[in-house]
Amino acid sequence: MSDVFINYRTGDEESAATLIARELARRFGREHIFFASNSIELGHRFPAELDGAAEKCDALIAVIGPRWANVLGPDGRPAIEAEQDWTRREIRTALDRGILVIPMLIGKTTRIDRLVLPEDLRELADCQYKRFDHRNSDADLAVLGDALARQLPELGEVDCDASAARDRAKTKSRKGSAEDAGQTRMRTRDVEQRVRGGIGNLNGDLGTFVNEPQGPVNTGPGHQYNAPHFEGDNTGVQFTSGDNNSTVRQRFERERRPSDDRR
């Protein structure tokens, strides 16, 4: 059965890590969520427990708050710079195994900067992340749980919120379909308005249209071709045709008759 490892740093958003672990344990069962303070039995050796859990888990949630990269270790330097830092070791083990790693960025934490990460953790910056806001905790935790159930089918089998997750997926699908339909209607109205207006460009998709042209029409840059145009009176007819580079004009004189001189 799939297991999820909750990785966090002491001194940076332990409360968020606790909330995430508690909700995932409720949804999938405590036995499938590893959270050090709850999962390691009294008297057990935590180094072996941590290493073992990181080696066998199927997903790791890296809880990252604003101080995650700046918490200092015993030597006064950022803890993340130490190779034996537990937070670093757990993430490195998960990345080396190629399992699902989900960074959870807490609050206003900015996206992970590769330059602040040790070389063996830089792949973490490439992992798609999820934001978590305490003010929107229920919705954010639901999205996280849905993603885990979808990507780890065995975990989905024990999901006590499976029916609610399906309802959320259907609602999201209907919302997306409604938005697509609305955009299509807007584009249709736009085309209709442009056609009624006479000359225009259909958003660059269908080309240029001309509605009931009267005389030569210039539709924009590039080669423009004008339809043949005739002008005339009782003395003759002028024919005009061509493009924006050259124009051909020809005058056809009307044959004069003796009666014309008397007018």
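Before reading further, recall that the structure is shown in the block above.
Being a predicted model, the structure only gives us computed values, none of them experimental.

(A) Spotlight on the sheet that holds strand β3 (residues 59-64). Strand order across the open sheet formed by five strands is β2-β1-β3-β4-β5, with parallel pairing between neighbours. Only two strands of the sheet have a single partner each, and these edge strands are β2 (33-34) and β5 (130-132). Bridge count between β3 and strand β4 (residues 100-106): six bridges; the pairing is parallel. The residue bridging Ala59 from the neighbouring strand is Leu100, located in β4. Helix α1 (residues 14-28) contacts β1 (4-7), β2, β3, β4 and β5 of the sheet and is inclined by roughly 165° relative to β1.

(B) Broad picture of the pattern of salt bridges. One pass over the structure, following the stated rule, counts 13 salt bridges. Of the charged contacts, one joins Asp85 and Arg9 as a salt bridge, the two residues approaching to 2.7 Å between their closest N and O atoms. Note that Asp85 is positioned in the loop between β3 and α4 (86-97) and Arg9 in the loop between β1 and α1, a separation of 76 residues in sequence. Considered together, Asp85 and Arg9 belong to a single accessibility category, that of buried residues. Look at the salt bridges and you will find they share partners, linking Arg27, Asp146, Asp159 and Arg168 into a network.

(C) Helix α5 (residues 137-151), seen in detail. The terminal C-alpha atoms of α5 lie 21 Å apart, and with 15 residues this matches the ideal 21 Å at 1.5 Å per residue to within 8%. Regarding α5, the residues found buried are Ser137, Asp140, Leu141, Ala142, Leu144, Gly145, Asp146, Ala147, Leu148 and Ala149.

(D) Spatial organisation of the environment of Arg111. On the secondary structure map, Arg111 appears in the loop between β4 and β5. C-alpha separation for the pair Arg111 and Arg131, spaced 20 residues apart in sequence, amounts to 9.6 Å. Look past the residues within four positions of Arg111 in its chain and what remains in contact with it is Leu105, Ala125, Tyr129 and Arg131.

(E) Local environment of the pairing of β3. Within β3, six of the six residues are buried, leaving the element largely enclosed by the surrounding structure. Alternating residues of β3 divide into Ala59, Ile61 and Val63 and Leu60, Ala62 and Ile64, and every residue in both groups is buried. Note that β1 and β3 share four bridges and pair parallel. Directly across from Phe5, in β3, lies its bridge partner Leu60. After leaving β3, the chain enters α4 and then returns to the sheet as β4, a path that is right-handed.

(F) Layout of the pairing of β4. Burial within β4 is extensive, with six of its seven residues counted as buried. Here β4 runs beside β5; their pairing, made up of three bridges, is parallel. Each bridged residue has a counterpart across the sheet, and for Ile106 the counterpart in β5 is Phe132.

(G) Layout of the environment of Ala147. Within the secondary structure layout, Ala147 lies in helix α5. On a C-alpha basis, the gap between Ala147 and Ala165 in space is 9.7 Å, while along the polypeptide they are 18 residues apart.

(H) Layout of unusual backbone geometry. Residues other than glycine seldom take positive phi values, yet Glu13 does so here, at roughly 60°. Within the secondary structure, Glu13 sits in the loop between β1 and α1.

What counts as what
- The residue numbers shown here count from 1 along each chain, following its written sequence.
- Reporting in this predicted model follows two pLDDT cut-offs: at least 70 for local features of residues, and 80 or more for side-chain atom pairs to be given and counted; totals over whole chains, interfaces and linings ignore these cut-offs and use all residues.
- Only hydrogens and water are removed before side-chain values are computed, so all heavy atoms of the structure are retained for them.
- A pair of strands is considered paired only if DSSP assigns at least 2 bridges between the two.
- Elements are defined by DSSP. Helices are runs of H or I of four residues or more, strands are runs of E of two residues or more, and each kind is numbered from the N terminus.
- Contacts: residue pairs with any heavy atoms within 4.5 Å of one another.
- Comment: axis = line fitted to C-alpha atoms, over the contacting stretch for helices; angle = value between 0 and 180 degrees taken between N-to-C directions.
- Here, a salt bridge means any Lys or Arg side-chain nitrogen found within 4 Å of an Asp or Glu carboxyl oxygen.
- Burial classification: accessible surface area is computed with a 1.4 Å probe over protein chains only, and a residue below 20% of its type maximum counts as buried, one above 50% as exposed, and the rest as partly exposed.
- What a helix should span is 1.5 Å times the count of its residues minus one.
- Call a crossover right-handed when, viewed with both strands pointing away from you, the route from the first strand across the helix to the second goes clockwise.

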